[in-house]
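Structure assessment
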Amino acid sequence: MAEGGGGARRRAPALLEAARARYESLHISDDVFGESGPDSGGNPFYSTSAASRSSSAASSDDERERPVPPGTAPPPHAADPLELEEDETSEGWSAVLRDRPPPRFEDTGGPTRKMPPSASAVDFFQLLVPDNVLKNMVVQTNMYARKFQERFGSDGAWVEVTLAEMKAFLGYVISTSVSHCESVLSIWSGGFYSNRSLALVMSQARFEKILKYFHVVAFRSSQTTHGLYKVQPFLDSLQSGFDAAFRPSQTQVLHEPLIDEDPVFIATCTERELRKRKKRKFSLWVRQCSSTGFIIQIYVHLKEGSGPDGLDALKNKPQLHSMVARSLCRNAAGKNYIIFTGPSITSLNLFEEFEKQGIYCCGLLSSRKSDCTGLPPSMLTNPAIPPARGQHRIRTKGNMSLICWYNKGHFRFLTNAYSPVQQGVIIKRRSREIPCPLAVEAFAAHLSYICRYDDKYSKYFISHKPNKTWQQVFWFAISIAVNNAYILYKMSDAYHVKRYSRAQFGERLVRELLGLEDTSPAL
């Protein structure tokens, strides 16, 4: 017995090393997440972060099914297991497992342009938000100011904004992502968040004038019906910048980034301030490279009332989440990407549709949040006696695998990207490794990267919160652009010259936008 135990101990490091080696090529650099420190970079199934808790709760919700009162009829799905298996076999589901190679991917991910070691923070930012976009903001802001004054009377204190002033205006608002002050006007105050060097570039009165008239699109055209028409051209331009500056790795994640209120502000503000703040009228979704954290694509779903396409419906109906997924993946067809999804997006119909387009998926399932149409009922019900940790059941249909894996709860996965035969392991701190199918290991590894992105970067979202929805969307998009610019910087030669943290990069960008630093054009 002692010899057997020694053999198991000798095999454990090899198993651990093999699991790490499988994703060594995925992790381009852990350093892309910025300064080191405590984070929830571990397995998301055990993470203590709010996002991971909700994900785990959604996936293992079957463990908390309501008990059936005595004397009541069993639920409709409690049929004879043999009959269920016969029905599932007739629908194409089988317990026979066949190995299959992973989707072929030969592209190389990373920045598309080699930046010189002398490149500044603003150089990386303007890869995504170039001068021609800022010049358009100048034109539209001045046009709106003229039309506004024609209708409501002349404003003698207004002078048309210039490109330099527009850059400074953006710099002031971006500074709130570094200082975390609730009001950008704190820069000119005498309080804790005041900054004399920044305040000298532009007066508070001038900043407030630009803020009053600031526009990306001044007026609605007769053909425009979209609710975000005032910001949509900027979102389109930003998307073009993302596509041109970066090639994603094969593995990507669809999710909602953390864009909630700053918890420090929520803990310190008064009840009156909380009541004044309006509920967000849109939902922001992203497609994100799981190996670097670079956000590849943004999708904004605007709440335009209480109709079937409103935000309230989006929160509860899987078919609307599928609409979001299709929009986010419209440029991904034919590239053999592997997309990881949460319970609200995962569905057999969507995954089969994506497979025809050359997009492969791996998603977490929930009987409450997922569209379970076409899935075998026997795999969606829990056995009377829970199995041992690490045990699993698998059913296949073509390239699709449905996995039920047990680890302090039943976790179900649907995938056509990983072989049902290949085995993996969940690596836990202060505990033994837990065996699992390779798809489960891959899901945990990639979702861990996104948890780390949320932990490291969500605190650098712009704190300025305007009342107008299109402006809220604009500043969220600018926050994502700055985070993406930092990732490009971390993967460039410029990072090896001056190793700025995310906070230092933000401070440099603000000073460069305000013209306080010498930023000669990068060649």
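Starting from 1, residues in each chain are numbered consecutively following that chain's sequence as written. With the structure being a predicted model, the display of local features is reserved for residues of pLDDT at least 70 and the display and counting of side-chain atom pairs for 80 or more, all residues being used for whole-chain, interface and lining totals. Water and hydrogen atoms were dropped before computing side-chain values, which therefore reflect all heavy atoms in the structure.

The protein chain has the name PiggyBac transposable element-derived protein 5 in an unreviewed UniProt entry, where Apodemus speciosus is given as its organism.

1. Description of the overall build of the protein chain
This is how the line gets drawn: Counting from the N terminus, the helices are DSSP H or I runs at least four residues long and the strands are E runs at least two residues long. Under the scheme applied here, a residue whose accessible area is under 20% of the maximum for its type counts as buried, over 50% as exposed, and between as partly exposed, the area being computed with a 1.4 Å probe on protein chains only. Any two residues whose heavy atoms approach within 4.5 Å at even a single point are treated as in contact. Working definition of accessibility: Shrake-Rupley area with a 1.4 Å probe, residue cover restricted to the visible protein chains.
Counting its secondary structure elements, the protein chain contains 19 helices and 12 strands. The 523 residues of the protein chain split such that 50% are buried. Pairs at least 24 apart in sequence give 71% of the contacts found in the protein chain among residues at least 6 apart. A total accessible area of about 25300 Å² is found for the protein chain, and carbon and sulfur atoms account for 53% of it.

2. What to know about the pattern of salt bridges
This is how it is decided: By convention in these notes, a salt bridge is any Lys or Arg side-chain nitrogen within 4 Å of a carboxyl oxygen on Asp or Glu.
According to the stated counting rule, one finds 9 salt bridges in the structure shown. For Glu 160, the salt bridge goes to Arg 146, with nearest N and O atoms at 2.7 Å. On the criterion of sequence distance, the pair formed by Glu 160 in the loop between α5 (131–152) and α6 (163–174) and Arg 146 in helix α5 is long-range, its members being 14 residues apart. Among the salt bridges present, the one from Glu 512 reaches Arg 508, with a minimum N-O distance of 3.9 Å. Residue Glu 512 and its partner Arg 508 are both found in helix α19 (residues 502–513); the two are separated by 4 residues, about one turn of the helix. Classification of Arg 508 as partly exposed rests on a relative accessible area of 23%.

3. What about the sheet that holds strand β8 (residues 392–397)?
To keep it simple, the criterion reads: Any two strands are treated as partners once DSSP identifies two or more bridges connecting them. For helices, the fitted axis covers only the stretch in contact; all axes are lines through C-alpha atoms, and the angles between them, taken along N-to-C directions, range from 0 to 180 degrees.
On the basis of which strands lie adjacent, the open sheet formed by 8 strands has the order β5-β4-β3-β6-β7-β10-β9-β8 and mixed pairing. Taken across any chain shown, the strands that pair with only one partner, and hence form the sheet edges, are β5 (295–302) and β8. On average, adjacent strands in this sheet sit at an angle of 15° to one another, irrespective of strand direction. Across 4 bridges, strand β7 (residues 359–365) lies against strand β10 (residues 410–415) in antiparallel orientation. Paired with Cys 362 across the strands is Thr 415, a residue of β10. In the packing of helix α17 (residues 469–490) onto the sheet, contacts are made with β4 (282–289) and β5, and the angle to β4 comes to roughly 15°.

4. Concerning α6
Along an α-helix, residues three or four positions apart point the same way, because every turn accommodates 3.6 residues. The test is simple: Expected span of a helix, by definition, is 1.5 Å for each gap between consecutive residues, and there is one gap fewer than residues.
Spanning 12 residues, α6 covers 16 Å between terminal C-alpha atoms, matching the ideal 16 Å at 1.5 Å per step. Counting buried positions over the 12 residues of α6 gives 9, a clear majority of the element. What α6 keeps buried is the set Met 166, Lys 167, Ala 168, Phe 169, Leu 170, Gly 171, Tyr 172, Val 173 and Ile 174.

5. Quick look at the nonpolar core
Put simply, the test is: What is meant by a nonpolar core is a set of buried Ala, Val, Leu, Ile, Met, Phe, Trp, Tyr and Cys residues, joined one to another through side-chain atoms within 4.5 Å.
Residues Phe 234 and Phe 474 are the most contacted members of the largest nonpolar core, which totals 82 residues. With 15 residues, α17 is the largest single contributor of residues to this core. Every residue in contact with Phe 474, bar those within four places of it in the chain, is listed here: Met 137, Leu 170, Phe 214, Val 216, Val 231 and Phe 234. Core analysis: the next-biggest nonpolar cluster, separate from the first, contains 26 residues, Cys 361, Leu 365, Met 400 and Cys 404 among them.

6. Some thoughts on the side chain of His 464
Structurally, His 464 can be placed in the loop between α16 (438–457) and α17. Beyond its immediate sequence surroundings of up to four residues, His 464 is in contact with Val 173, Thr 176, Glu 182, Val 184, Leu 211 and Trp 475.

7. Some points on the environment of Ile 187
Tracing the backbone shows Ile 187 in the loop between α7 (176–179) and α8 (196–199). Put simply, Ile 187 and Gln 204 are 17 residues apart on the chain and 8.6 Å apart in space, counted from C-alpha to C-alpha. Not counting residues up to four positions away in its chain, the partners in contact with Ile 187 are Tyr 172, Ser 175, Tyr 193, Ser 194, Asn 195, Leu 198 and Ala 199.

8. Some points on unusual backbone geometry
Apart from glycine, the bulk of residues carry a negative phi angle, and the bulk of peptide bonds sit in the trans form. In this structure, Asn 336 is a non-glycine residue whose phi angle is positive, near 60°. With respect to the secondary-structure elements, Asn 336 resides in the loop between α14 (318–328) and β6 (337–341). You will see that Lys 408, though not glycine, has its phi angle at about 55°, which is positive. Relative to the assigned elements, Lys 408 resides in the loop between β9 (400–406) and β10. Judged by its relative accessible area of 57%, Lys 408 falls in the exposed class.

9. Re the side chain of Asn 142
In this structure, Asn 142 sits in helix α5. A relative accessible area of 6% places Asn 142 in the buried class.

10. Topic: the pairing of β5
Most of β5 is tucked away, with 8 of its 8 residues classed as buried. As defined by bridge partners, β4 adjoins β5 across 7 bridges and the pair is classed as antiparallel. By the bridge assignment, Arg 287 is partnered in β5 with Gln 297. Between the antiparallel neighbours β4 and β5 lie 5 residues, among them Gly 293 with a positive phi of about 85°.

11. What about the environment of Thr 176?
Note the cut-off: Identification of polar contacts relies on pairs of N or O atoms within 3.5 Å, with a donor-acceptor requirement for protein atoms, meaning one able to donate a hydrogen and the other able to accept it, and with residues adjacent in sequence counted only if both atoms are side-chain atoms.
One can find Thr 176 in helix α7. A residue is classified by how much of its surface remains accessible, and Thr 176, at 0% relative accessible area, is buried. Sequence separation of Thr 176 and Ser 186 is 10 residues, and the distance between their C-alpha atoms is 9.4 Å. In this structure, Thr 176 is in contact with Cys 181, Val 184, Ile 462, Ser 463 and His 464, ignoring residues within four places of it in sequence. Among the polar contacts made by the side chain of Thr 176, one reaches the main-chain carbonyl oxygen of Val 173 at a distance of 2.7 Å.

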